[in-house]
Amino acid sequence: MRLALFQPDIPQNVGACIRLSACFGVDLHVIEPTGFRFDDRAMKRAALDYGPLSHMTRHADWEAFQADRPAGRLVLLTTKGATPLPDFVSQPDDTLLFGKESAGAPDYVHAAADARVVIPLRPDARSLNLSVTAGIALTSVFTVAYSGRLVLGALGLWGPSPDGAAHSWPTGREDEVHEAPATFWGVPVLAAAAGVALGLLPGVLDTPVSYAAEAASGAEVHAHLALWHGVNTALLVSAAIIVLGLLLVALRRPVERVASHAALPFSALDAVDEVRHRLIGVGAVVSRASGTLAPRPHLLIPALVLGLLAVAGVATIEDLPAVVGQPSRWHDWVLVVLVGAGVIATIRAKTRIAAMVVVGVVGFGMTLWFLTLGAVDVALTQLMVEVLTVCVMVLLLRRLPARFSDEPTPRRMQAVLAASVAGVAATLGVLAFTGRSSMSEIAHFYLTQSYAQAGGTNVVNVILVDFRAVDTWGEMTVLGATALTIAALLLNRRPTPPQPSAVDMRSPLAHVRENLVHIRVFGRVFGVLIILLSAFLLLRGHYEPGGGFIAALVAGAGYALLYLAADSDTAPELRWPYLAFIGSGIAVGTATGIVGYLTGKGFLGAAGVKVLDYGLSTTLAFDMGVYLAVIGLIVAAFSLLGPERPGEDPLRASSRDPGVAPAAPSSDPSAPTTTTAREEVTR
């Protein structure tokens with residue numbers, strides 16, 4: 001007994017037959033061409049390790065198989081068989097032949113068979129595939145017809161609605177329609193042109209499609225795309241769909257008359273709207289607890305969840321591993337005291353400016369801690385974030401009351417309880433997990449393979465722009481979307497006006513321009529130098545502390561210095577196109593990912609060359625995208641929060657600040673006027 005497969009399409013089926021051949025000791029004949037490469041990973045996976053045990057012979061075509069076929073009957077198993085399998089009497093030298101999965105066996109194979117056998121199935125069960133195909137085809141016919149209605153309707157050629165229709169539509173055009181600009185229809189035209197070109201030459205996509213399929217499935221895939229697969233069932237069904245759809249379009253007048261009187265008792269649009277309203281209602285119920293602008297509920301939920309995790313850990317974890325090495329040093333406790341003092345001072349702060357200062361103490365304390373641990377990249381990031389946070393907070397504080405409002409004792413106790421739960425849980429977690437294991441397997445991989453696989457020695461930067469580049473790309477996209485949302489909000493909604501303040505016109509502090517002369521001189525020189533320094537940090541980030549994110553924060557600090565040194569909020573040197581920065585950063589990161597397909601490395605796969613012993617790679621381009629997007633976000637914060645809006649007057653006497661009284665009119669002509677002081681304070 002022998003098995004033969006006629007031009008099989010599915011590699012897994014061939015792999016299963018290889019196992020069958022090995023287990024039963026029967027010969028297997030494969031008649032080519034097949035619908036896949038014979039070294040297909042899927043076939044090997046299906047065959048397991050039975051390949052060497054099987055007796056498989058490959059034949060170049062049907063004629064070669066006929067010439068080499070051993071003596072004996074050729075038995076074709078087919079749905080068009082004449083003999084049911086239970087009635088067929090096999091012989092030891094029979095060759096059982098199976099047709100291809102997609103089209104079966106052609107007529108010349110049927111003619112060459114000595115016997116044809118059918119496996120009987122229940123009549124009502126055999127129609128499953130046919131019914132599914134018919135349903136898909138029928139739906140596609142209506143899709144073609146409806147597409148024709150959209151096209152002809154847009155051109156005004158569909159015609160009027162039939163008489164008595166439940167839902168009529170107007171004919172003609174009430175308003176003159178103009179052609180859309182090229183920027184509107186250009187992208188779809190490019191996509192359509194690419195579809196036509198790639199449809200005629202689909203083989204050029206074999207490699208990127210194979211890489212994409214491998215990335216999705218985790219198995220080796222060899223895709224083979226072709227325009228022509230011969231006349232088969234799929235082609236005939238597609239042709240029938242197009243013909244019937246065009247026929248419905250041509251007969252649209254009688255079809256419309258029939259459809260207008262065969263309306264359903266309900267409206268599908270109304271059903272969709274009802275589902276949408278119900279989902280909105282469910283969302284309102286779910287978000288009621290956190291759907292507020294107040295930060296308290298948003299901070300309360302994670303604090304309580306952290307406490308529950310700590311309780312679960314204490315209840316379920318019995319023994320902890322022993323501490324490895326020395327988990328702390330003497331200067332760690334100095335930093336603990338510094339951070340703790342900052343936390344206590346923050347809790348006791350009565351004014352927002354005081355809270356900002358002491359929170360900065362905590363941040364700078366963490367920066368020192370990262371430096372003592374050798375995490376220079378993290379320390380630089382923390383340092384620049386603290387600096388820029390202070391700058392942005394200054395822009396916000398002038399729009400907020402100077403002092404915190406007094407809250408009732410129950411609300412304060414809730415905050416104290418939530419903070420205590422989160423603090424205790426975090427402390428228990430640190431004590432439980434710190435120093436109780438040696439270097440993890442993934443950490444060892446990063447340390448040993450960063451240069452070998454990514455060409456970089458700065459492990460932190462290599463992780464961000466190479467090993468975990470997809471995560472960084474997603475975070476960069478979210479950052480850009482957030483910046484665009486904030487920009488849209490602040491450009492279309494008037495923010496809270498600055499709090500009124502009283503200024504003593506006789507005070508030297510009222511002369512803002514004179515007092516900031518050193519900032520203007522220093523900023524106009526060193527602001528540019530700091531931005532140039534950021535470019536240096538960007539270029540060296542793959543090998544030394546730096547990279548796109550840190551470099552962007554440094555450039556943001558340089559922009560902040562330029563902002564302070566400028567004569568006005570609208571100075572030309574401050575007009576950086578932040579939206580263009582954000583958009584180009586995301587575009588560069590995405591384009592870098594697509595280049596990975598062209599180089600055969602997959603999305604965001606690294607590739608590069610050496611120029612004068614300096615490595616230029618796609619990871620540097622991706623890092624440039626991060627650099628641009630982060631700079632755009634920083635510039636957006638200054639550009640949207642800094643300038644005064646029309647009608648905002650920050651120089652007004654306020655009863656909230658009784659310590660400083662408005663200045664009395666002065667007879668001294670050299671004394672600053674209210675208008676001059678207002679201009680300077682606005683700066």
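Starting afresh in each chain, residues are numbered from 1 along the sequence in its written order. Given that this is a predicted model, residues contribute local features only at a pLDDT of at least 70 and side-chain atom pairs are listed and counted only at 80 or more, while totals for whole chains, interfaces and linings are drawn from all residues. With hydrogens and water excluded, all non-hydrogen atoms of the structure serve as input to the side-chain values.

Draft legend 1. Quick look at the overall build of the protein chain. Strands are runs of DSSP state E lasting at least two residues, helices are runs of H or I lasting at least four, and both sets are numbered from the N terminus onward. On a plain count of helices and strands, the protein chain comes out with 25 helices and nine strands. Only protein chains enter the calculation, and the probe is 1.4 Å; a residue is then buried if its accessible area is under 20% of its type maximum, exposed if over 50%, and partly exposed in between. The buried share among the 683 residues of the protein chain stands at 29%. Note on contacts: a residue pair qualifies if any of its non-hydrogen atoms lie within 4.5 Å across the two residues. In the protein chain, the proportion of contacts linking residues at least 24 apart, taken out of those at least 6 apart, comes to 74%. All accessible areas in this document rest on Shrake-Rupley with a 1.4 Å probe, and a residue is counted as covered only by the protein chains that are shown. With an accessible surface of roughly 42,300 Å², the protein chain has 68% of that area assigned to carbon and sulfur atoms.

Draft legend 2. Representation of the packing of helix H15 (residues 376–397) against helix H24 (residues 618–641) within the structure. In contact at an axis separation of 10 Å, H15 and H24 are set at 20 degrees when each is read in the N-to-C sense. Classified by the angle their axes make, H15 and H24 are roughly parallel. Of the two elements, H15 crosses H24, and the hand of that crossing is left-handed. Counted together, Leu388, Cys391, Val392, Leu395 and Leu396 of H15 and Ile634, Ala637, Phe638 and Leu641 of H24 form the full contact between these two elements. Here the contact of H15 with H24 is built from residues that sort into nine nonpolar, no polar and no charged. All axes are obtained by fitting lines to C-alpha atoms, using only the stretch in contact for helices, and the reported angles, taken between N-to-C directions, cover 0 to 180 degrees. Our angle categories are set so that under 35 degrees counts as roughly parallel, over 145 as roughly antiparallel, 65 to 115 as roughly perpendicular, and the remainder as oblique. Helix crossings get a hand from a simple test, with the near helix turned counterclockwise from the far one by less than a right angle marking a left-handed crossing and a clockwise turn marking a right-handed one. For this classification, the nonpolar set comprises Ala, Val, Leu, Ile, Met, Phe, Trp, Tyr, Cys and Pro, the charged set comprises Asp, Glu, Lys and Arg, and every other residue, Gly included, is treated as polar.

Draft legend 3. Quick peek at the nonpolar core. We call a set of buried residues a nonpolar core when its members are Ala, Val, Leu, Ile, Met, Phe, Trp, Tyr or Cys and they connect through side-chain atoms within 4.5 Å of each other. By size, the foremost hydrophobic cluster in this structure holds 44 residues, and its most contacted members are Leu574, Phe622, Tyr627 and Phe638. Of all the secondary-structure elements, those providing two or more residues to this core are H15, helix H19 (469–492), helix H21 (517–540), helix H22 (548–565), helix H23 (578–598) and H24. Element by element, the count of residues in this core is highest for H24, at 13 residues. Among all residues touching Tyr627, those that are not within four sequence positions of it are Ile531, Ser534, Ala535, Leu538, Gly548, Ala551, Ala552 and Ala555. Formed by 15 residues, the second largest nonpolar core is a distinct cluster that contains Val26, Leu28, Val75 and Leu77.

Draft legend 4. Up close: H22. The span expected for a helix works out to 1.5 Å for each residue beyond the first. Compared with the 26 Å implied by 1.5 Å per residue over 18 residues, the 25 Å span of H22 between its first and last C-alpha is a close match. Among the 18 residues in H22, 16 count as buried, and that is most of the element.

Draft legend 5. A look at helix H1 (residues 11–24). For H1, spanning 14 residues, the distance from its first C-alpha to its last is 20 Å, which sits close to the expected 20 Å at 1.5 Å a residue. Turning to H1, its buried residues number three or more, namely Pro11, Val14, Gly15, Cys17, Ile18, Ser21 and Ala22. Angular distribution of buried residues about the axis of H1 spans 160 degrees; they occupy a single face of the element. The exposed residues of H1 that point more than 90 degrees off its buried face are Cys23 and Phe24. The arc under discussion is defined with respect to the helix axis, by the directions toward the C-beta atoms.

Draft legend 6. The pairing of strand E7 (residues 115–118), seen in detail. Pairing between two strands is assigned when DSSP locates at least 2 bridges connecting them. With three bridges connecting them, strand E4 (residues 74–77) and E7 associate as parallel partners. Bridge pairing links Leu76 to Arg116 in E7. Inspection of the sheet shows strand E5 (residues 83–84) paired to E7 by two bridges, in the parallel sense. In the strand pairing of E7, Pro84 is matched with Val118.

Draft legend 7. Region of interest: the packing of aromatic side chains. Stacked, edge-to-face and tilted labels apply to pairs of Phe, Tyr and Trp rings (six-membered ring for Trp) whose centres lie within 6.5 Å, assigned for plane angles under 30 degrees, over 60, and everything in between, in that order. This model, assessed by the stated rule, comprises 13 aromatic pairs. Ring centres of Phe6 and Tyr108 lie 6.5 Å apart, and the angle between their planes is 70 degrees; on these two criteria the pair is classed as edge-to-face. Remark: Tyr108 occurs in helix H4 (residues 107–112) and Phe6 occurs in strand E1 (residues 2–6); sequence separation between them is 102 residues. Ring pairing ties together the aromatic residues Tyr559, Tyr563, Trp576, Phe581 and Phe638, which thus form one cluster.

Draft legend 8. Spotlight on the pattern of salt bridges. The rule for a salt bridge is simple: a side-chain nitrogen of Lys or Arg has to be within 4 Å of a carboxyl oxygen of Asp or Glu. Counted by the stated rule, this structure contains six salt bridges. Glu32 is the salt-bridge partner of Arg58, the closest N and O atoms lying 2.6 Å from each other. Separated by 26 residues along the polypeptide, Arg58 in strand E3 (residues 55–59) and Glu32 in the loop between strand E2 (27–31) and helix H2 (41–47) bring together distant segments of the chain. For the salt bridge of Asp332 with Arg329, the shortest nitrogen-to-oxygen distance reads 3.5 Å. The partly exposed category is assigned to Arg329, whose relative accessible area is 32%.

Draft legend 9. Representation of a positive patch on the surface. Among the surface-exposed residues, Arg348, Lys350, Arg403 and Arg412 lie close enough to one another that they form a single positively charged patch. Here Arg403 is to be found in the loop between H15 and helix H16 (409–433). A relative accessible area of 54% means that Arg403 is categorised as exposed. Patches were defined on residues exceeding 30% relative accessible area and lacking a salt bridge, with like-charge contacts within 9 Å and nonpolar side-chain contacts (Val, Leu, Ile, Met, Phe, Trp, Tyr) within 5 Å. Neither His nor the chain ends contribute to the count of charged residues, in which Lys and Arg are positive and Asp and Glu negative. Think of each charge as sitting on NZ of Lys, CZ of Arg, CG of Asp or CD of Glu.

Draft legend 10. Structural context of a nonpolar patch on the surface. Taken together, the side chains of Val196, Leu198, Leu200, Leu201, Val204, Leu227, Trp228, Val231, Leu235 and Leu236 define a hydrophobic patch exposed on the protein surface, amounting to about 1,000 Å² of accessible area. Put simply, the parts of the chain that give the nonpolar patch at least two residues each are helix H7 (182–200) and helix H9 (233–250). Per-element tally for the nonpolar patch: the top contributor is H7, with three residues. Within the fold, Trp228 resides in the loop between helix H8 (206–217) and H9.

No statement about biological role is implied by the geometric values presented.
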